[in-house]
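Summary of the model geometry
Chain residues, written in single-letter form:
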Amino acid sequence: MRFLSYVKVGADNWAILPETWETGSPHPLTDVPHPPQIYMTRKETRIKKLIRKRRIKLSTTLIAAASVAAAGFIVAPAIATNATSTNGIFADSLQPQVAADSDRSAVELGVRFSPQKPGSVTALQYYQGPRAHGVQRATLWSGRGTVLARVSFTPTTDVGWRTIALAKPVDLAAGQTYVVSYNAPKGGYPVTERALSKASSQNGFALPASAGVYRYGDGSVVPSKSYKGSNYFADIVFAPSGSDGQKPVVTPTPTSTPTPTQTATPTPTPTQTATPTPTPTQTSTPTPTPTQTSTPTPTPPSGGMSVLGRHFPDSSTTGVPSGTTLTKYTGPCTISESNVVIDKKTIDCYLRITGKNVTIKNSVINGAIYSSKGSFTVTDSDIRLSATEDTGVGEANFTLNRVEVTGGRRSVNCASNCTVQASYLHAQGKDPTGTAHQSAIRMGANSVIRGNTIACDAPESAPAGGCSAALTGYGDFAVVEKNTIDGNLFLASNAGYCAYGGSSTGKPYSNGVNNVKFTNNVWQRGKTGVCGIWGPIVSFVPNLPGNEWTNNVYDNGTTIKP
């Protein structure tokens, strides 16, 4: 069956999208190249006769679900109908705070709602984000998860609200619960966190607390999980019974003032990550100590990885020096005394440092090491976590020098006042929960990250586990500020990007970023040619106070612009 779809591409321009589709055959959940587009002025087409002043931002004729039975539903071809000006849950002008979550897994995204008057749904809507590739299905569900209508349609890259007409309206009862959703087969969906945290009534609809819902997978089951009151921008076109077709005044959805919380990001984040973007559970933000004195540039290793004539750390230049004899550590795992020195030991526990100026050198830590108000230095040592442990080194007042960190879900958390230099951070473990957005370093404030090889190469883990980036900085718990990232090698990754610059939008502390300096770093191009899936770095704003971007290049010498 061949039909024509009409898509709005500008204020006065429309495009005809030809498409061939055999009735009964499924659309694949992958990116499909757009067919040739024919552009014409609005005055030259019959479209203006079909479109009134409703919220048709991207209107297209599509495949619609007609009726549903307990055993399944029947799909019927859609017909170009005269779209009346009808009500919806959200305002026409509503836009997401985060345009593209870093989550890359297939996920069904929607909203749970109850109409306050009986009526019928005539179309389904969703906000097409710039990175939500391959979106081509939306569904209307009963509160118990029965499919009431499902439409399939041609993917687009045009950003904005998209409206898909139903071939047959679906009647809804007042006070009953329903869900409308769409499937983002490759993640990257738009989201605003905390917008739907509280129960509300708007535009003739009742929304429960945490009305935004998601479920990882292909959308065969109704989404039911929620995360941080997120709005995932799914909507309907609704005609109340007895409506005269006139659109009521629509009040934009209020966005509640974000309150920093420390919960797992789902990515259906993600930071990082994420939107659904769950991040691993964080400990409380430590009380910052006075700003560090400047850190001298480490002497480049004579061996290691050679890129562009420069040497970067690897396993041969970090960790316990060859030939060192180790003995078992028998001291306490919580070190409260100051000025303790541990040398040439195998440490089989999680070290908690509450004392000042603790030194660990030439040793292997089979676990993690942590301080918030204490301070420590680790030199020429290995930190080896199991795959399931969370963070190797955290989270304040420490220095790592020529250290190799492996395992865990994150190698290092630099929440405040840390220095990581001449070290090799890599080989994170597989996340058993499938929800963590992993990284090598998460930066916060007052930190120096210099002369390292930084990689996030954790295996992907269903439904959404895997790398966000080698270096992340999201503003979830505090402002990202006063960080120097100098002379590092970022290894290529299957993450969306290889680094985050601290200015992720939609976070509790998105504003106030300052003095984040990227200088003299090298990004490995990898199989994508841009280090990550979409690029080397994201969320870096060069013109913020004190921010700097100087001499950052790919491993072929090409200059990188943020």
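Reading guide: rules and limits
- Residues take numbers from 1 onward in each chain, read along the sequence in its written order.
- Whole-chain, interface and lining totals are the exception, using all residues; otherwise, since this is a predicted model, local features are given only for residues with pLDDT of at least 70 and side-chain atom pairs are given and counted only at 80 or more.
- Derived side-chain values reflect all non-hydrogen atoms in the structure, with water molecules and hydrogen atoms excluded from consideration.
- One speaks of a salt bridge when a side-chain nitrogen belonging to Lys or Arg is within 4 Å of a carboxyl oxygen belonging to Asp or Glu.
- Numbering of helices and strands runs from the N terminus; a helix is a DSSP stretch of H or I covering at least four residues, while a strand is a stretch of E covering at least two.
- Each residue's exposure class comes from its accessible area (1.4 Å probe, protein chains only) as a fraction of the maximum for that residue type: buried when under 20%, exposed when over 50%, partly exposed otherwise.
- Between any two strands, at least two bridges found by DSSP are needed for them to pair.
- Any two cysteine sulfur atoms lying within 2.5 Å of each other are counted as a disulfide.
- Throughout, nonpolar core names a set of buried Ala, Val, Leu, Ile, Met, Phe, Trp, Tyr and Cys residues whose side chains join them through atoms within 4.5 Å.
- Contact definition: two residues touch when any of their heavy atoms are within 4.5 Å.
- Side-chain rings of Phe, Tyr and Trp (the six-membered ring for Trp) are treated as a pair once their centres are within 6.5 Å; stacked means planes under 30 degrees apart, edge-to-face means over 60, and tilted covers the remaining angles.
- Each residue carries a pLDDT value, the predictor's own confidence for that position, ranging from 0 to 100.

**Description of the pattern of salt bridges**
Evaluated as defined, the whole model comprises seven salt bridges. Note that Arg525 and Asp555 form a salt bridge whose closest N and O atoms lie 2.6 Å from each other. Of the two residues, Arg525 is situated in the loop between strand S41 (522-523) and strand S42 (535-538) and Asp555 in the segment after strand S44 (553-554); the sequence distance between them amounts to 30 residues. Of the residues examined, Arg525 reaches a relative accessible area of 33% and is grouped as partly exposed. Put simply, Arg442, Asp476 and Lys507 are held in one network by salt bridges that share partners.

**Thoughts on the pairing of strand S10 (residues 147-152)**
S10 sits mainly inside the fold: five of its six residues count as buried. Sheet topology places strand S9 (residues 137-142) next to S10; five bridges connect them, and they run antiparallel. Looking across to S10, one finds that Trp141 is bridged to Val147. Connecting the antiparallel pair S9 and S10 is a turn made up of four residues, with Gly145 showing a positive phi of about 95 degrees.

**Looking at the state of the cysteines**
Counting across every chain of the model gives four disulfides. With a sulfur-sulfur separation of 2.2 Å, Cys333 is cross-linked through a disulfide to Cys349. With the S-S bond torsion at -115 degrees, the cross-link from Cys333 to Cys349 turns out left-handed. Linking Cys333 in the loop between strand S19 (327-328) and strand S20 (334-335) with Cys349 in the loop between strand S22 (345-347) and strand S23 (351-353), this pair joins segments that are 16 residues apart in sequence. Classification of Cys333 by relative accessible area gives partly exposed; the value is 30%. Disulfide partners in the protein, listed by the sequence order of the bonded cysteines, are 1-2, 3-4, 5-6, 7-8.

**A short note on the nonpolar core**
Membership of the largest hydrophobic core comes to 48 residues, with the highest contact counts inside it found for Leu351, Ile369, Ile441, Phe518 and Trp523. Listed by contribution, the elements that provide at least two residues to this core are S23, strand S24 (358-361), strand S27 (376-379), strand S29 (391-401), strand S31 (410-421), strand S33 (437-450), strand S39 (497-500) and strand S40 (514-519). In contact with Ile441, other than residues within four places in its own chain, are Val412, Cys414, Val420, Leu425, Ile449, Ile454, Ala470, Leu471 and Thr472. Residues Ala132, Val191, Ala195 and Ala234 belong to the second largest nonpolar core, which totals 43 residues.

**Section: the packing of aromatic side chains**
If you walk through the whole model with that rule in mind, you get 21 aromatic pairs. Ring geometry for Trp161 against Phe233: centres 6.0 Å apart, planes inclined by 50 degrees, an arrangement best described as tilted. Of this pair, Trp161 sits in strand S11 (residues 160-172) while Phe233 is found in the loop between strand S15 (212-216) and strand S16 (234-240), placing the two residues 72 residues apart along the sequence. Look at Phe233 and you get buried, because its relative accessible area is 1%. When the centroid spacing of 5.6 Å and the interplanar angle of 75 degrees are considered together, the rings of Tyr214 and Tyr216 count as edge-to-face. Tyr214 sits in the buried class, given a relative accessible area of 9%. Three or more aromatic residues joined by ring pairs form one cluster here, namely Phe490, Phe518, Trp523, Phe540 and Trp549.

**Concerning the pairing of S29**
Among the eleven residues that make up S29, ten are buried, leaving the element largely enclosed by the rest of the structure. Bridge count between S27 and S29: four bridges; the pairing is parallel. Bridging across to S29, Thr379 finds its partner in Asn401. Two strands pair when backbone bridges link them, and S29 and S31 are joined in this way by seven bridges, in the parallel orientation. For Val393, the partnering residue across the bridge sits in S31 and is Val412.

**Considerations on the confidence of the model for the protein**
Across the protein, the average pLDDT comes to 78, with 73% of residues at 70 or higher. Ignoring residues within four places in sequence, the model shows residues 244-301, a span with pLDDT below 50, making 198 contacts including any to other chains.

**Re the environment of Leu172**
Following the sequence through the fold, Leu172 ends up in strand S11. Spatially, the C-alpha atom of Leu172 lies 9.2 Å from that of Phe238, the residues being 66 residues apart in sequence. Among all residues touching Leu172, those that are not within four sequence positions of it are Phe113, Pro115, Pro118, Gly119, Ser120, Val121, Leu140, Leu148, Tyr178 and Phe238.

**Re the environment of Thr391**
In this fold, Thr391 is placed in strand S29. A relative accessible area of 18% means that Thr391 is categorised as buried. Taking the C-alpha atoms as reference, Thr391 lies 8.7 Å from Gly407; in sequence the two are 16 residues apart. Not counting residues up to four positions away in its chain, the partners in contact with Thr391 are Ala368, Leu385, Arg410, Ser411, Val412 and Asn413.

**Some remarks on unusual backbone geometry**
Between Gly394 and Glu395 the backbone carries a cis peptide bond, its omega angle lying at -20 degrees. Mapped onto the elements of the fold, Glu395 is located in strand S29. One non-glycine residue with positive phi stands out, namely Asn357, at about 60 degrees. Relative to the helices and strands, Asn357 is located in the loop between S23 and S24. We classify Asn357 as partly exposed; its relative accessible area is 48%.

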